[in-house]
Amino acid sequence: MMRPRPSSCTKLWRMTTKTTPPTARSMSNSGSGVQQQLPAGVDPCHKLCKIMLSCPNAGLEQALDASGVRAFPDVAEQVLLRFENAGMLAYRFFDWARRQQRGYVHTVRAYHTMIAALAKIRQYKLMWELVAAMRAQGALNVETFCVIMRKYARAHRVEEALYTFDVMEKYGVAPNLAALGGLLGALGKSKNVRKAQEVFDKMRDRFEPDAKTYSILLEGWGRAPNLPKMREVYQEMLDRGCEPDIVTYGIIVDALCKAGRMEEAVDVVRDMSHRGCLPTPFIYSVLVHTYGVEKRIEDAVDTFLEMERNGVKPDVVVYNALVGAFCKANKFENAFSVVGDMEDKGITPVARTFNIVLNSLITAQRYEEAYRVFRRMIKCCEPDSDTYTVMIKMFCETNRLEMASKVWKYMGKKQFLPSMHTFSVLINGLCQKGELDRACVMLEDMIEKGIRPPGTTFGKLRRLLLKEGREDVLKFLVDKMNVLIQEPLCD
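Reading guide: rules and limits
- All residue numbers refer to positions counted from 1 along the written sequence of the respective chain.
- Residue-level local features of this predicted model are given only where pLDDT is at least 70; pairs of side-chain atoms are given and counted only at 80 or more, and the full residue set underlies all totals for whole chains, interfaces and linings.
- The side-chain values count all of the structure's non-hydrogen atoms but skip hydrogen atoms and water molecules.
- Put simply, DSSP H or I for four residues or longer makes a helix, DSSP E for two residues or longer makes a strand, and each gets a number counted from the N terminus.
- Contacts are assigned to residue pairs with any non-hydrogen atoms lying within 4.5 Å of each other.
- Method for areas: the Shrake-Rupley scheme with a 1.4 Å probe, in which residue coverage is limited to the protein chains shown.
- Every case where a carboxyl oxygen of Asp or Glu lies within 4 Å of a side-chain nitrogen of Lys or Arg is listed as a salt bridge.
- Accessible area is worked out with a 1.4 Å probe on protein chains only. A residue is then buried under 20% of its type maximum, exposed over 50%, and partly exposed in between.
- Within a predicted model, pLDDT stands for the predictor's per-residue confidence, ranging from 0 to 100.
- UniProt positions are given in the numbering used here, feature names are shortened, and annotations may be inferred rather than shown by experiment.
- Helix span is expected to be 1.5 Å times the residue number reduced by one.
- Taking the helix axis as origin, the arc is that swept by the directions to the C-beta atoms.
- For Phe, Tyr and Trp, where Trp contributes only its six-membered ring, two rings pair if their centres lie within 6.5 Å, and the inter-plane angle classes them as stacked under 30 degrees, edge-to-face over 60, or tilted in between.
- Within 3.5 Å is the distance limit for a polar contact, defined as a pair of N or O atoms, with the added protein rule that one can donate a hydrogen and the other accept it, and that residues adjacent in sequence qualify only through two side-chain atoms.

What follows deals with the overall build of the chain. Counting secondary structure elements, the chain contains 28 helices and zero strands. Across the chain, the fraction of contacts at a sequence separation of at least 24, relative to all contacts at a separation of at least 6, is 66%. Accessible surface, the chain as shown: approximately 23300 Å² in total, 50% of it carbon and sulfur.

Take the pattern of salt bridges next. Side chains that carry opposite charge are capable of pairing whenever their charged atoms lie near each other. All told, the structure shown has 30 salt bridges when counted by the stated rule. Put simply, Arg99 and Asp95 hold a salt bridge, and the shortest N to O gap is 3.1 Å. You can see Arg99 and its partner Asp95 sitting in helix H6 (residues 87-99), four residues apart, about one turn around the helix. With a relative accessible area of 21%, Asp95 lands in the partly exposed category. Between Asp445 and Lys449 there is a salt bridge; the shortest N-O distance is 2.8 Å. Exposure remark for Asp445: the relative accessible area of 24% places this residue in the partly exposed category. Classification of Lys449 as buried rests on a relative accessible area of 9%. The network of salt bridges with shared partners includes Glu263, Glu294, Arg296 and Asp299.

Another aspect to go through is the confidence of the model for the chain. In the predicted model, the chain carries a mean pLDDT of 88, and 90% of its residues have values of at least 70. Note that residues 14-38 has pLDDT below 50 and, in this model, 48 contacts with residues that lie over four places away or in other chains. Within the model, the stretch residues 487-491 combines pLDDT values under 50 with 12 contacts to residues more than four positions away or in other chains.

Tracing the chain through its elements places Asn226 in the loop between helix H13 (211-223) and helix H14 (227-239). Non-local contacts of Asn226, meaning those with residues more than four positions away in its chain, are made with Arg194 and Trp221.

To continue, consider the UniProt feature "repeat: PPR" (unreviewed entry) in the chain. Mapped onto the present numbering, the UniProt feature "repeat: PPR" (unreviewed entry) falls on residues 141-175, 210-244, 245-279, 280-314, 315-349, 384-418 and 419-453. For the annotated span residues 384-418, helix accounts for 74% and strand for 0% of the residues, and the straight-line distance between the end C-alpha atoms is 10 Å. Along residues 419-453 one finds 74% helix and 0% strand; the C-alpha atoms at either end are 10 Å apart.

What follows is about helix H18 (residues 297-309). In this model, H18 (13 residues) spans 18 Å end to end at C-alpha, consistent with the 18 Å of a helix rising 1.5 Å per residue. Within the sequence span of H18, burial applies to Ile297, Ala300, Val301, Thr303, Phe304 and Met307. Down the axis of H18, the buried side of the element spans an arc of 160 degrees, and every buried residue falls inside it. Contact partners of the buried residues in H18: helix H17 (281-293) and helix H19 (316-328). The positive-phi residue at the C-terminal boundary of H18 is Gly311, with phi of around 85 degrees.

Tallying each qualifying case throughout the model produces 13 aromatic pairs. Judged by centre distance (5.8 Å) and plane angle (35 degrees), the rings of Phe93 and Trp96 are tilted. Within this pair, Phe93 and its partner Trp96 are both found in helix H6, separated by three residues, close to a single helical turn. Given a relative accessible area of 0%, Phe93 falls into the buried group. Both rings, one in Phe304 and one in Tyr319, keep their centres 5.2 Å apart while their planes meet at 55 degrees; by these two values the pair is tilted. Of this pair, Phe304 sits in helix H18 while Tyr319 sits in helix H19, placing them 15 residues apart in sequence. Exposure class is identical for Phe304 and Tyr319. Each is buried. Three or more aromatic residues joined by ring pairs form one cluster here, namely Trp128, Phe145, Tyr163 and Tyr171.

This part is about unusual backbone geometry. For the bond running from Ala224 to Pro225, omega is -15 degrees, close enough to zero to count as cis. Looking at the secondary structure, you find Pro225 in the loop between H13 and H14. The backbone phi angle of Lys191 is positive, close to 65 degrees, even though this residue is not glycine. By the secondary structure assignment, Lys191 is in the loop between helix H11 (177-189) and helix H12 (193-203). The phi angle at Lys295 is positive, at roughly 60 degrees, despite the residue not being glycine. In this structure, Lys295 sits in the loop between H17 and H18.

Considering the arrangement of structural elements, one finds Thr144 in helix H9 (residues 142-154). Given the relative accessible area of 0%, Thr144 is considered buried. At 2.7 Å, the side chain of Thr144 forms a polar contact with the side chain of His112. Those residues within four positions of Thr144 in sequence are excluded, and the remaining contacts are His112, Ile115 and Met134.

A word on H14. End to end, H14 covers 18 Å across 13 residues, agreeing with the expected 18 Å (1.5 Å per residue, within 8%). Within H14, burial applies to Leu227, Lys229, Met230, Val233 and Met237. Around the axis of H14, the buried residues are gathered within 160 degrees of arc, so they sit on the same side. Of the exposed residues in H14, those oriented more than 90 degrees away from the buried face are Pro228 and Asp239.

To continue, consider the environment of Ala259. With respect to the helices, strands and loops of the structure, Ala259 is situated in the loop between helix H15 (246-258) and helix H16 (262-274). The sequence separation of Ala259 and Arg223 amounts to 36 residues, and the corresponding C-alpha distance is 9.3 Å.

Below, the structure written as structure tokens:
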């Protein structure tokens with residue numbers, strides 16, 4: 001096992017067993033409460049985000065106008081990245097920013113962020129209007145269409161994804177091998193690899209495939225999983241004179257590990273070394289992670305140490321894999337020691353590192369420890385959406401709604417926009433406890449932030465409202481949703 005090393009983060013981990021149990025007051029002291037008025041000259045992105053999170057829906061544009069902040073393109077881009085999960089709220093800011101001064105032009109990245117946000121809530125008409133605006137400004141590029149293809153494919157709109165590729169030329173952007181790769185990748189990652197193969201076979205004479213194109217196809221067949229077809233494509237790649245690169249090897253190792261072919265995956269890694277192609281930390285992380293899933297903790301540690309002996313410098317991804325391996329074996333002290341080892345080597349733990357531990361502790365029903373780790377985490381790094389979601393869900397499922405609410409308030413203080421999943425777990429928790437009024441307020445807030453509620457969450461609330469004879473409230477919520485989206489959320 002790995003030898004523990006003292007570090008500041010390790011000390012925080014060690015303290016988890018000595019901290020008093022959580023209370024609503026302790027969480028309140030760590031982050032809830034009303035924000036102070038921001039002083040003049042503060043970061044404009046921070047001020048704009050605060051307005052967007054706190055302003056009533058109807059008066060957003062007036063509040064933005066009254067703020068005195070001018071959203072230059074780089075600032076607007078930052079704000080949109082913060083609100084990319086809140087489609088219509090982000091769009092209102094996007095529209096306000098481009099109307100605030102003559103000659104204002106959004107950055108290409110801002111356009112792409114906004115296009116993706118609108119596609120996520122199926123506002124395709126608005127999305128294509130932005131594409132037309134980009135064309136008028138001469139800002140369209142291949143990546144614009146790749147963003148759209150990915151979003152259509154993820155929504156299982158395969159024909160629309162294909163149409164997007166076909167229509168590129170009409171918008172003045174010549175489709176190329178990168179665009180084809182974007183389409184193949186979008187289809188493969190959305191479980192449509194057969195269609196991706198069909199497109200590839202049809203286009204291979206029009207575009208000369210390279211190692212990257214073949215790697216994208218290999219990844220799709222590996223995800224399927226269909227190892228015989230993956231091997232067939234790999235052989236075709238070799239026959240056409242395309243030499244596999246480090247990405248290709250990584251995809252093959254990952255597919256073999258997910259299919260339970262560990263020994264074969266290890267052979268591929270060894271073959272790489274013999275060919276003078278040094279495996280990357282990602283490839284080692286796949287091996288370590290898979291050993292952890294199989295609870296082969298000694299093999300996971302040996303693989304990590306072998307990586308270091310081979311001169312491959314570990315990164316946060318492979319460290320996270322080792323943390324996960326120890327957690328799956330319920331060896332939390334060893335996991336904490338790995339976190340200390342990371343810091344000793346100048347690698348800062350990230351939210352994902354802590355999320356692995358939190359999820360494992362919660363799965364083991366060690367709820368108090370999970371909460372204490374969360375409190376230590378917020379002193380080391382910023383939680384992400386998954387962190388907040390898993391903590392709120394834990395408190396809801398253990399009948400501690402007051403603590404779930406405290407986490408929610410802390411999230412608000414940090415100006416962190418809740419994701420669809422974070423909203424949903426709290427709304428579901430409120431419904432479970434019969435807090436119907438609070439659940440309705442939360443759903444309304446979700447809609448006003450431009451986030452499309454999932455059908456399961458709305459369906460649960462709908463049934464409870466009908467059961468209590470509150471059709472008027474249901475109609476109010478449905479009307480608000482109809483403003484946000486054009487598709488029904490339930491049957």
